[in-house]
Amino acid sequence: MPAETDVWTLLAIVGLTVISVVTRGFFFMSEREWRLPGWALRGLQYAPIAALTAVIAPDIVLTQGHAGHLLADARLWGALATAGFYFWRRRSAFVLVGAIAAGMAVYLPLRIGLGW
C-alpha cells in the first residue's frame, strides 16, 4: 500500500462504491415495475438537447475562457448557419447531414479564408 493512501481514503472509495452500486441497482432489486410520472417523461425529452447545448454553447461563445469578438468569430456564424438550416428544413430527410454541411460551408471559408 503506497504511503499516500490512508485508511480514510480507502474507506471513502469503498463507501462511494457501495453507494453507487446500490443506487444504480435499486431498480433491478425491486420486484415490481417502476413507472415514471408524466411530467418526468416530458422533462426527459429535453435532456439530450439541454446537455448538448451546455457542452457546445461555451465553446461557441468563449475564446480561451473569455467572451471575445463574437461578430468576427467563425464558430458563431457556422453555428447560426447550422441552426438556420435545421429550422428551415426540419421536416426533410437527412436534415442533420444538411445542417452540418451548411454550418461547415460557412465556417471553413471564414476560418481559412479570412483567418477568423
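Right above here is the structure, for reference.
Residues numbered from 1 in each chain as written. Predicted model: local features only at pLDDT ≥ 70, side-chain atom pairs only at ≥ 80, totals over all residues. Heavy atoms only, no water.

1. Observations concerning helix α4 (residues 74-88)
Compared with the 21 Å implied by 1.5 Å per residue over 15 residues, the 21 Å span of α4 between its first and last C-alpha is a close match. The complete set of buried residues in α4 reads Ala74, Leu76 and Gly78. Check the buried side of α4 and you find it contacts α3 (47-61) and α5 (95-113). (Helix = DSSP H or I, 4+ residues; strand = E, 2+ residues; numbered from the N terminus. Expected span 1.5 Å × (residues − 1). Buried < 20%, exposed > 50% of the residue type's maximum accessible area, 1.4 Å probe, protein only. Contact = heavy atoms within 4.5 Å.)

2. Re a nonpolar patch on the surface
Among the surface-exposed residues, Tyr46, Ile49, Leu52, Val55 and Ile56 lie close enough to one another that they form a single nonpolar patch of about 520 Å² accessible area. Its place among the elements puts Leu52 in helix α3. (Patch = residues over 30% accessible without salt bridge, like charges linked within 9 Å, V, L, I, M, F, W, Y side chains within 5 Å. Areas by Shrake-Rupley, 256 points an atom, 1.4 Å probe, with all protein chains shown as cover. Salt bridge = Lys/Arg side-chain N within 4 Å of Asp/Glu carboxyl O.)

3. Points about unusual backbone geometry
A positive phi angle, close to 60°, is found at Phe94, a residue other than glycine. The topology assignment puts Phe94 in the loop between α4 and α5.

4. A word on the side chain of Asp73
For Asp73, the position within the fold is in the loop between β2 (66-67) and α4. Residue contacts for Asp73: discarding those within four places in its chain leaves Ile60, Thr63 and Trp116.

5. Observations regarding the packing of α4 against α5
Look at α4 against α5: their axes get within 8 Å of each other, and the N-to-C directions meet at 155°. Between α4 and α5, the crossing angle belongs to the class labelled roughly antiparallel. For the pair α4 and α5, the sense of crossing is right-handed. Contact residues: Ala74, Arg75, Trp77, Gly78, Ala81, Thr82, Phe85 and Tyr86 in α4; Val95, Gly98, Ala99, Ala102, Gly103, Val106, Tyr107, Leu110 and Arg111 in α5. Here the residues of the contact of α4 with α5 sort into 11 nonpolar, 4 polar and 2 charged. (Axes fitted to C-alpha atoms, helices over the stretch in contact; angles between N-to-C directions. Parallel < 35°, antiparallel > 145°, perpendicular 65-115°, else oblique. Left-handed = near helix turned anticlockwise from the far one by under 90°. Nonpolar A, V, L, I, M, F, W, Y, C, P; charged D, E, K, R; others polar.)

6. Details of the packing of aromatic side chains
Counted under the stated rule, the structure contains 2 aromatic pairs. Measuring from ring centre to ring centre gives 5.8 Å for Phe85 and Trp88, while their planes differ by 75°; the resulting arrangement is edge-to-face. Taken together, the residues span about one helical turn, with Phe85 and Trp88 both in helix α4 at a distance of 3 residues. Measuring from ring centre to ring centre gives 5.4 Å for Tyr86 and Phe87, while their planes differ by 75°; the resulting arrangement is edge-to-face. (Phe/Tyr/Trp six-rings, centres within 6.5 Å; stacked < 30°, edge-to-face > 60°.)

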